[in-house]
Structure formats: C-alpha cells, structure tokens
Amino acid sequence: MKFLFFSLAKHQTLYFSKLLEQSGIDGRVVELKQLPLPALTDFYTVARRVEWARLVFEKCQERRVKGKYAGVIYRLLLRIEMLVMALRCAALLSRERPDAVVVWNGSNRHCQLMLALLGPSVRRFFFENGLLPGTTTLDSKGVNYHNSVPRDASFYRAYAQRVELNDDERPVKLIPRKPRIQGDMPSILPKRFIFIPFQDDRDTQIRLFSPWINNMRDLFHLGESIARETGWIVVLKEHPSSRESYPDLHEKCHERLFFANGNATQELIESCSLVVTINSTVGLESILLNKPLITLGQAFFNVEGVVMNAGAVPEVIKLIEVFPEWPIDAGLRKAFLHYLAHEYCVPGRWQDAENEHLVEVSRRLLRGCS
C-alpha cells in the first residue's frame with residue numbers, strides 16, 4: 001500500500017514524516033515546491049476533471065472578504081496558475097501511482113486540484129485538528145461539515161443500544177485560545193444571558209457553510225434583534241484569531257448587548273443560559289459542557305435532538321421565546337459525544353505526535369485502505 005502525503009506547510013511535513021516511520025506505512029511526503037514539471041499530455045484529463053468555476057469563485061470570495069482585488073485580470077491569472085499546478089499534480093500522480101493520498105484539511109485549492117485528479121480506486125484521507133480536546137481528526141470523507149460523522153439521530157439511538165455509555169462526569173477542561181489583542185478586562189456577567197461567539201469571516205466555516213449569516217456584522221444584527229424582541233441580555237465575544245476589528249459595533253452596545261472579550265470562553269459557556277453559534281468549535285464545546293445550543297449554519301453536529309437549528313431570524317426568535325421547552329434528548333447528546341470520543345476522534349494531539357498516537361493513526365490509515 002503506497003501513500004502520498006501532500007504537504008502545504010512545514011508542520012504538515014514534520015507530522016507526515018513521522019507517520020512514514022510507522023510499520024506498514026510506505027510512501028513519501030511531497031511538498032508544493034517538489035511537484036514535477038507539467039506535462040501537456042495530461043491537458044485533456046486535467047481540463048475535464050477540475051471544477052474550475054467553483055475553485056475560482058471560492059478563491060475570489062476569500063480575497064473579497066480580505067479586501068483584496070479579485071477582478072478580471074486576477075481571475076485570468078488564477079486560472080493559468082491553477083492549470084499549471086493541476087498539470088504538475090497530474091505529472092506527480094502519473095509518476096508515483098499512489099494507492100492513497102493524504103492531505104491536511106483539503107479546502108486549499110492546491111489540495112482540491114490534487115484530489116480532483118485521483119482515480120476512483122485511490123483512497124483519500126483528510127487530517128485536521130481534533131474535534132474534542134486532546135484528539136486529532138482523520139477522515140476519509142472530509143473535515144468540518146464534510147466529515148463522515150453521522151447526522152441521523154436514529155444512528156445514535158442504535159449506537160446507544162450497542163455500546164455501554166459510561167457515566168463519566170469528570171469536568172471538561174477546554175483548551176483556551178490566545179487572543180490576538182491582549183489587555184481586555186473581564187466583564188461582570190449577568191445571571192441570565194445568551195452567549196453568541198463571533199467567528200472569523202475569512203474562514204471556510206463562514207464562506208462555505210453559512211447560508212444566511214454572511215459575516216460577523218450580520219451576526220451582531222441578529223444579537224440586536226434577539227435583545228430587542230425577546231428581552232434577553234446578549235453577550236458577544238470576538239474570535240481570538242480574527243484580524244477584523246469592530247469599533248462601530250462596540251459603539252452600538254448597551255446594557256443588554258455587549259462584548260465580553262476579556263472573559264474565557266469556557267466561563268461564558270458555563271455561565272450563560274444558552275449558546276447561539278453559526279457552526280463554530282464553541283458549538284461543540286457547548287454540547288460538551290451540556291449547554292443548550294442553537295446553530296445558524298451547516299455544522300456536522302446539526303443532529304435533531306442534540307441541537308436546535310434555525311435558518312432565519314424569525315426562527316431564532318421563536319426558539320428563544322419557547323426556551324427551554326426544546327426537544328433536546330440528553331441521552332442522544334451522550335451517545336453523540338461517546339461516538340466522537342470512542343469511535344471517531346483519534347486519541348492524542350498531532351502536535352505532540354506521541355508514539356501511541358502515531359501507531360493508532362497508522363492503524364486507521366491501513367484499515368481504511370483494506
């Protein structure tokens with residue numbers, strides 16, 4: 001079984017190289033700069049298999065969010081660049097003839113080009129940060145909304161019948177995120193409030209998987225509507241890694257709508273009455289901390305009975321008005337988290353790459369190719 005690890009960053013190369021040292025894992029790591037020269041003989045295959053319009057649209061959308069030029073000249077140059085890269089990927093695949101290709105995340109256009117050129121018999125594997133603390137994601141379908149985690153509540157009801165769900169009630173300790181800007185003082189939190197975490201406008205979670213909330217200003221306006229129409233206090237927190245700043249939104253805040261950037265996310269989740277998120281990691285953390293959750297976008301944890309999902313402002317308002325009379329099933333939530341912890345997630349962080357973790361990853365890679 002021959003693996004081709006396609007690396008776009010130094011940390012990926014280091015991690016993939018450690019995997020190649022494991023027993024049974026044969027292949028090589030290839031970085032972008034190591035791709036062979038393009039072969040024009042592959043032009044027809046490349047032109048036919050790649051979804052050019054979609055890739056151009058997604059890249060231009062990303063640039064517009066970042067405030068960069070994405071006009072006619074850029075789109076022309078982008079198509080030329082992608083054609084050359086696709087031909088180089090085709091040349092690599094012709095030379096290596098791998099049985100499986102491994103990428104990180106897979107949303108980058110270079111990964112998309114590589115994956116589009118794979119034959120039907122070539123297996124695909126995607127790595128990403130773990131869904132749960134102290135874990136790593138390895139999936140043969142994709143990551144985030146594209147992952148293979150079942151979305152049907154009946155799956156988890158049947159799963160609960162097959163396995164013994166332990167009653168481990170140990171406290172959950174979330175991994176704190178270091179804020180981009182230091183110095184914000186913690187806010188005094190009310191006894192009863194709704195927590196709405198901001199996300200990063202540039203992230204694929206917003207650009208690709210948020211059908212009706214286009215950016216964080218839209219999310220802030222939703223918070224305004226909630227505070228105005230339901231009487232709830234709404235507490236927001238900016239994403240710690242976002243490069244955006246919102247002085248205009250801070251000016252619109254008042255005693256029933258304000259930011260608490262200086263408070264730890266875990267404190268905000270545990271102190272609030274319910275969480276409203278698009279599809280962020282905070283949503284999954286809220287489930288971990290047994291907090292009621294409304295999602296607004298496409299999330300892999302949009303499972304009926306685990307969370308409530310809303311597709312428009314009136315739906316959000318209606319759900320809040322009837323809270324806590326929601327059809328949330330505690331047993332279903334427990335089965336969902338048990339499945340993630342014991343079946344889906346790979347134990348151990350890829351950043352640590354301890355031997356036990358590497359052995360388990362290699363076992364899953366080989367099992368996925370059998």
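Everything numeric here is computed off the predicted structure, so don't read it as measured data.

Turning our eyes to something else, we now look at the sheet that holds strand β4 (residues 123-129). Think of a sheet as strands paired side by side through backbone hydrogen bonds, with each pair either parallel or antiparallel. Read across the open sheet, the 6 strands follow the order β2-β1-β3-β4-β5-β12; overall the sheet is mixed. Looking at strand neighbours, the two that pair on one side only are β2 (26-31) and β12 (346-347), the edges of this open sheet. Inspection of the sheet shows strand β1 (residues 2-7) paired to strand β3 (residues 100-104) by 3 bridges, in the parallel sense. Looking at β3, one finds that L4 is bridged to V101.

All chains considered together, the criterion is met by 25 aromatic pairs. Ring geometry for Y15 and F127: centres 5.5 Å apart, planes at 85 degrees, overall edge-to-face. One end of the pair, Y15, is in helix α1 (residues 10-20); the other, F127, is in strand β4, and 112 residues separate them in sequence. Under the relative-accessibility criterion, Y15 is labelled buried at 2%. On the basis of an interplanar angle of 55 degrees and a centroid distance of 5.9 Å, the ring pair of F16 and F127 is categorised as tilted.

Right, let's talk about the sheet that holds strand β9 (residues 274-277) for a bit. In spatial order, the strands read β8-β7-β6-β9-β10-β11; together these 6 strands make up an open sheet with parallel pairing. Of all the strands in the sheet, the pair left with one neighbour each is β8 (257-259) and β11 (308-309). Pairing geometry for strand β7 (residues 233-237) and β8, over 3 bridges, is parallel. Bridge pairing in β8 links V235 to F258. Across the sheet, helix α8 (residues 216-230) lies against β6 (193-197), β7, β8 and β9, angled at about 170 degrees from β6, the strand it touches most.

Right, let's get into helix α5 (residues 109-116). Burial of α5 is extensive: 6 of the 8 residues sit out of reach of the surface. Among all positions of α5, only R109, H110, C111, L113, M114 and L115 are buried. Looking at the buried positions of α5, the neighbouring elements they touch are β1, α3 (52-65), α4 (72-96), β3 and β4. Capping the start of α5, N108 holds a side-chain oxygen 2.8 Å from the backbone nitrogen of H110, two or three residues further along.

All right, on to the pairing of β9 then. Residue alternation in β9 divides its side chains into two sets, L274 and V276 and V275 and T277, and both sets are buried. Direction of pairing for β6 relative to β9: parallel, over a ladder of 2 bridges. Looking at the pairing, I194 lines up with L274 of β9. Bridging between β9 and strand β10 (residues 293-295) involves 3 bridges; their strand directions are parallel. Among the inter-strand pairings, V276 is bridged to a residue of β10, identified as I294.

It is the contact of α1 with helix α14 (residues 355-368), at a shortest axis distance of 9 Å, that shows an interaxial angle of 75 degrees. For the element pair α1 / α14, the angle class is roughly perpendicular. Residues Y15, K18 and L19 of α1 pack against H357, L358 and V361 of α14. A class-by-class count of the residues in the contact of α1 with α14 yields 4 nonpolar, 1 polar and 1 charged.

The full count for this structure, using the stated rule, is 0 disulfides. Free of any disulfide, C60 has its nearest cysteine sulfur in C111, 19 Å distant. The class of C60 is buried, set by a relative accessible area of 3%.

Cut-offs and rules
Residues numbered from 1 in each chain as written. Predicted model: local features only at pLDDT ≥ 70, side-chain atom pairs only at ≥ 80, totals over all residues. Heavy atoms only, no water. Pairing = 2+ DSSP bridges. Helix = DSSP H or I, 4+ residues; strand = E, 2+ residues; numbered from the N terminus. Phe/Tyr/Trp six-rings, centres within 6.5 Å; stacked < 30°, edge-to-face > 60°. Buried < 20%, exposed > 50% of the residue type's maximum accessible area, 1.4 Å probe, protein only. Contact = heavy atoms within 4.5 Å. Axes fitted to C-alpha atoms, helices over the stretch in contact; angles between N-to-C directions. Polar contact = N/O pair within 3.5 Å; in protein donor to acceptor, adjacent residues only side chain to side chain. Parallel < 35°, antiparallel > 145°, perpendicular 65-115°, else oblique. Nonpolar A, V, L, I, M, F, W, Y, C, P; charged D, E, K, R; others polar. Disulfide = S-S within 2.5 Å.

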